[in-house]
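# An overview of the molecular structure
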Amino acid sequence: MEIIELAERAGRVRALLLYVFAALTVVLLGLTFASWRPSFFQGMWLGFTLVSAFYLSPLVTRLKSGPLAQLLEDEVTREHRRASSAIGFWAGLLAAAAMLALGSVPGLISASDSARIIFTAAIVVAQVRLATLELQAAR
């Protein structure tokens, strides 16, 4: 198998993993609200969110060297990361505005719950956008 074919396959796998990470992030957020052990799932959510943010960053491929890593981190991928970060930023702002509106009702939502929702919205939207752009580019 040629290096280009390996890079294409690895890029598709990475994009599909981003969808999986996004779904698991939302599931873990739901479990923090609806479980009998919320502190356990809050810790899992935090760890998974940090791993997801690291996975979104270009540091993952920059830590690796070699021809495959260089093919995976090309100009198109860097532009996709920039675009997904921008859309994640806007999703975070919209989520923050929604949490501000919901927070004005006393006792409806706590500050820590609001923060988790905002972080999740920003990370999930960025992951889904990056995965979609990468899969579209692979076609």
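Refer to the preceding data block for the structure.
Reference entry: report on the structure contained in this document.

This next bit is on empty space enclosed by the protein. A full pass over the atoms with the stated rule returns one cavity of 30 Å³ or more. Approximately 60 Å³ is the volume found for the largest cavity. In this structure, the largest cavity is lined by Gly11, Arg14, Ala15, Leu18, Tyr55, Thr77, Arg81, Leu130 and Glu134. Elements with a minimum of two residues in the lining of the largest cavity: helix H1 (3–34), helix H5 (75–103) and helix H6 (111–138). With four residues, the top contributor of residues to the lining of the largest cavity is H1. Of the residues contributing to the lining of the largest cavity, the split by class is four nonpolar, two polar and three charged.

The subject of this paragraph is the pattern of salt bridges. Where charged atoms from two side chains of opposite charge come close, those side chains can pair. All chains considered together, the criterion is met by three salt bridges. A salt bridge links Glu134 to Arg14; the nearest nitrogen and oxygen atoms lie 3.6 Å apart. Taken as a pair, Glu134 in helix H6 and Arg14 in helix H1 lie far apart in primary sequence, 120 residues in all. Residue classification places Glu134 among the buried residues on the basis of a relative accessible area of 13%. Here Arg14 falls in the buried class, since its relative accessible area comes to 12%.

Rules behind the numbers
Residues numbered from 1 in each chain as written. Predicted model: local features only at pLDDT ≥ 70, side-chain atom pairs only at ≥ 80, totals over all residues. Heavy atoms only, no water. 1 Å grid on protein atoms, 1.4 Å probe; cavity = no way out; pocket = protein on both sides within 12 Å on 5 of 7 lines; lining within 4 Å. Points joined across faces, edges and corners; volume = space filled by probe spheres on them. Helix = DSSP H or I, 4+ residues; strand = E, 2+ residues; numbered from the N terminus. Nonpolar A, V, L, I, M, F, W, Y, C, P; charged D, E, K, R; others polar. Salt bridge = Lys/Arg side-chain N within 4 Å of Asp/Glu carboxyl O. Buried < 20%, exposed > 50% of the residue type's maximum accessible area, 1.4 Å probe, protein only.

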